[in-house]
Amino acid sequence: QVKRSPEIQEARLRLPILAEEQMVMEGIHDNPVVIICGETGSGKTTQVPQFLYEAGYAMKGLIGVTEPRRVAAVSMSQRVAKEMNLPTSVVSYQIRYAGSVSDETKIKFMTDGVLMKEVQKDFLLTKYSVIIIDEAHERSVYTDILIGLLSRIVPLRHKKGNPLRLVIMSATLRVEDFTENKRLFKVTPPVIKVESRQFPVTIHFNKRTPVEDYITEVHRKVLKIHRTLPPGGILVFVTGQHEVNTLCRKFKAVGKRAGPKREPDTSGTGPNKDQDPDEDQEPVHEDLKKAEEEKKAFKKWKLPKISLDSYSAQPRDVENDVDDEVDGDVDSDDQSEEELEDEVKDEEEKVLDSEAAEDQVPMHVLPMYSLLAPHRQAQVFQPPPEGSRMVVVATNVAETSLTIPGIKYVVDTGRVKRRFYDKVTGVSSFKVDWTSKASGNQRAGRAGRTEPGHCYRLFSSAVFGNDFETFDPPEITRRPVEDLILQMKDMGIDKVVNFPFPTCPDEESLKAAERLLIALGALEQPPKPKRFRDMKKEFFSTRITDVGRAMACLPVAPCYAKMISLGQQEGCLPYVIALVSALTVREIFEESSMQGHTDAEREAHKKLQARVAHNKKIWAGKGDNALLGDLMVLLGAVGASEYVGCTPGFCASHGLRYKAMVEIRKLRRLLTNAVNSVDSDCGVFMDPKMSPPTSTQVKMLRQIVLAGLGHHVAKRMSADQEGFERGGYQSVGIEGAVFIHPNSALFKQLPDYVVYQEIIETTKPYMRGVTAVEREWLPVLFPNLCTFSKPLEEP
Ligand code: ADP
Ligand code: MG
């Protein structure tokens, strides 16, 4: 009954999964749980929901599809709606703040977080006839938990005579954590492999591994490929949004000044000797015949002029309504402060190759990262302008979650930016690290989708062999889990250690999470164990409290939920909601390193910076109000921008990130509604013209912040302590000094006691989001602090 357009139909038929429709559907029909593995681009996400729809699954309930990223949930639902010729009210999406779901919805794409919330409300997910967990190889925390939950829901639904099908889809064959885990699935689910055409990809390793400046190396390599090798798109993997923009800008500069020149063919063996643009590289495997053909093709290929003017170096995603800013703690596009410093250096670097040349081919340079506006992401699906070469500079979003057509060359830095989280101290830092062998191979595979390709690895085979892990560790083992634990307890899963995680978080993280939740009053105090050996047992079966239940209803981290739960006093709730919203959104101020190219631009930038600093000072308040510190600045920024209706113009002139401010507005609305539905008595409403808090309210706010962040108290060091001179603080459980960042509103004051939002280690361990608190509040407001700082430990 689906009426697809002929073009769509034709495109579908080229997808490998179409040939497997029958096998896939029989697998799903005959088994409660099925795993589908297929290369990125084989058609899993767009086609499997359509197969299910056509097989009538939508008549028995919704077809639900979860994605780890919001962008994917939105864009995939739109793509499938288009392919099926159905309105978005039928093929819909639901993300944290927005959705197109209606009574007619049959296929629902959503983030894994959204489905998790639905499980909390209706454990059996009775609305659904089938759930597809997509991108399971990414091993995002919610994906993992959902698979654990569904492993129990599926048999329960079977018992009730209303079966639910579970389809787990993965871009890699690494699914042992799902299949070999008997606690998870008693009956091993069948794995359906979708074979896709993959052309051979020749891997070229560097002889040497550039240690520091791999960006310059990338730049050099891309230009070299561009001017010596036959047509075909180039896909570059770097570690973050900032590197993407830096490189795009560099390529643009090349385009402006002159452009990569076609090298004269003097080698006698043709310009593309062994497809290796660089002597520094060791070819590992060659498809010589193909190379020969390509050489011929290259000879016929005329190189026209360069033009990169269509590319704008500074993306400002003003129209963007949908992005991944708040979801998830780990994001490959996270930017560390160190990077901001790098950027300045990059700007000053001399651009290579600035000779003018006649024979120039334009590079069509496109950025790709997860926070990029969807319409700009979609540009990579369009063929590049006639006679130009597409160069996509991407973070690891291009590794598996989307397929860029026409890529023949991959340039892989082999690196990824990870957020490291110290389980004991809670200090996080961003580090550029080697990816895994598995993801290196995924990246290389991107080059062989349409014809044989080449992957240039900017590291040596020895480094790949010795320093790369086989696989990336699942996210759940790498970040704090208190939010998950609270949600699980809210579902009545008291013994979290017994939960069938595909990969269990380690005991240290589970304990830390329970301790924090107990301290926040979300979980009951465990009874004092009579014998030491019972201690652990008791500890891991603590139950949720009423406060905990209320907190679990709020879509923010437990420490923020705690603040909201205390917001009733003195009419503080609207302020607490605004604060929590601002704290949840990453970095509300625009990066300060956009210096511009011309003197006029630089001058304007300087002025803006001065104005921003001035505004921050005003927002920081005076007298005792200023003790709320960085949070007072946040509150001031939100209040001021809302007062004028949160316009792009206001944000630009005040150095605020417009997207962040829009995000905050949405979160305020969401949280206001959530609070009203948890507690109908409080009747809080969202006043856009929020007047500044009174000094009583500010004092109350500081206490509320302390109650939520009591585990992040820091005390100014005493004069005899190492680090005192440098303005050091000492914080619970952290060895050595931590510091207030020079950008902080409290940098000059150095109050005796502060609480902070988080510590990020860049050049030093810096506290972010700092508020001053009073000594005498500590024991009163945070009675469990002791339990917290002195965890139950073996004697
Ligand atoms: P998989 O989930 O197996 O990685 P998808 O179903 O996402 O594969 O993609 C199948 C094909 O559909 C790919 O070739 C991809 O390029 C194409 N495609 C996906 N989204 C779009 C879009 N918005 N516009 C055009 N083509 C798209
Ligand atoms: Mg997919």
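Whatever comes next refers back to the structure up there.
Rules and cut-offs
- Residues numbered from 1 in each chain as written.
- Chains lettered and ligands numbered in written order.
- Predicted model: local features only at pLDDT ≥ 70, side-chain atom pairs only at ≥ 80, totals over all residues.
- Heavy atoms only, no water.
- Buried < 20%, exposed > 50% of the residue type's maximum accessible area, 1.4 Å probe, protein only.
- Helix = DSSP H or I, 4+ residues; strand = E, 2+ residues; numbered from the N terminus.
- Pairing = 2+ DSSP bridges.
- Phe/Tyr/Trp six-rings, centres within 6.5 Å; stacked < 30°, edge-to-face > 60°.
- Lys NZ or Arg CZ within 6 Å of the ring centre and 35° of its normal.
- Near = heavy atom within 4 Å.
- Polar contact = N/O pair within 3.5 Å; in protein donor to acceptor, adjacent residues only side chain to side chain.
- Areas by Shrake-Rupley, 256 points an atom, 1.4 Å probe, with all protein chains shown as cover.
- 1 Å grid on protein atoms, 1.4 Å probe; cavity = no way out; pocket = protein on both sides within 12 Å on 5 of 7 lines; lining within 4 Å.
- Sits in = over half its atoms within 2 Å of the grid points.
- Nonpolar A, V, L, I, M, F, W, Y, C, P; charged D, E, K, R; others polar.
- Contact = heavy atoms within 4.5 Å.
- Axes fitted to C-alpha atoms, helices over the stretch in contact; angles between N-to-C directions.
- Parallel < 35°, antiparallel > 145°, perpendicular 65-115°, else oblique.
- Left-handed = near helix turned anticlockwise from the far one by under 90°.

K.L.:
So, the pairing of strand E7 (residues 191–194): which residues are in play, and what are the values?
P.N.:
Alternating positions in E7 separate cleanly, Ile192 and Val194 being buried on one face and Val191 and Lys193 remaining unburied on the opposite face. Note that strand E1 (residues 33–38) and E7 share 4 bridges and pair parallel. Residue pairing in the sheet places Cys37 in a bridge with Lys193 of E7.

K.L.:
I'd love a proper account of the packing of aromatic side chains, names of residues and values included.
P.N.:
When we look at a pair of aromatic rings, we describe it by the centre distance and by the angle of the planes. Evaluation of the coordinates by the stated rule reveals 8 aromatic pairs. On the numbers, 5.7 Å between centres and 50° between planes, the contact of Phe205 with Phe464 is tilted. A residue pair is termed long-range when its members are at least 10 positions apart, and Phe205 in strand E8 (residues 201–206) and Phe464 in helix H15 (residues 461–467) qualify at 259 residues. Across the pair, exposure class does not vary: Phe205 and Phe464 are buried alike. An aromatic cluster is present here, built from Phe205, Trp434, Phe459, Phe464 and Phe468 joined pairwise through their rings. The ring of Phe420 has Arg478 sitting right over it, with the charged end atom 5.2 Å from the ring centre. One cation-aromatic arrangement involves Lys616 over Phe589; the distance from NZ or CZ to the ring centre is 4.3 Å.

K.L.:
Residue-level account of the site of ligand 1, with values.
P.N.:
With respect to spatial proximity, the complete set of residues near ligand 1 consists of Leu15, Glu39, Thr40, Gly41, Ser42, Gly43, Lys44, Thr45, Thr46, Met76, Arg79 and Thr403. A distance of 2.8 Å separates an oxygen atom of ligand 1 from a polar side-chain atom of Lys44. Here ligand 1, which alone exposes 570 Å², has 78% of that area covered by the protein. One can see that ligand 1 is located within the second largest pocket. Among the secondary structure elements, those contributing two or more residues to the shell around ligand 1 are helix H3 (44–54) and helix H4 (70–84). A total of 3 residues in the shell around ligand 1 trace back to one element, the largest contributor, which is H3. Among the residues forming the shell around ligand 1, the class breakdown is 2 nonpolar, 7 polar and 3 charged.

K.L.:
Tell me what's going on with the environment of Glu83, and back it up with residues and numbers.
P.N.:
Secondary-structure assignment places Glu83 in helix H4. Glu83 sits 32 residues away from Phe51 along the chain, and the two C-alpha atoms are 12 Å apart. Those residues in contact with Glu83 that sit more than four places away from it in its chain are Arg4, Ile8, Arg12, Thr46, Gln47 and Gln50. Reaching out from Glu83, the side chain makes a polar contact with the side chain of Gln47 at a distance of 3.0 Å.

K.L.:
Give me the lowdown on the packing of H3 against H4, citing residues and values where you can.
P.N.:
Between H3 and H4, whose axes approach to 10 Å, the crossing angle comes to 55°. When the axes of H3 and H4 are compared, the pair comes out oblique. Classified by chirality, the crossing of H4 by H3 is right-handed. On H4, the residues touching Thr45, Thr46, Gln47, Gln50 and Tyr53 of H3 are Met76, Arg79, Val80, Glu83 and Met84. Here the contact of H3 with H4 is composed, by residue class, of 4 nonpolar, 4 polar and 2 charged.

K.L.:
Talk me through the packing of helix H20 (residues 558–565) against helix H26 (residues 695–708); I want residue IDs and the actual numbers.
P.N.:
Between H20 and H26, the least distance of the axes is 8 Å, while the angle of their chain directions is 145°. The interaxial crossing formed by H20 with H26 has right-handed handedness. Within the contact between the two elements, H20 uses Cys559, Lys562 and Met563 and H26 uses Ile704, Val705, Ala707 and Gly708. Classifying every residue of the contact of H20 with H26 by side-chain character gives 5 nonpolar, 1 polar and 1 charged.

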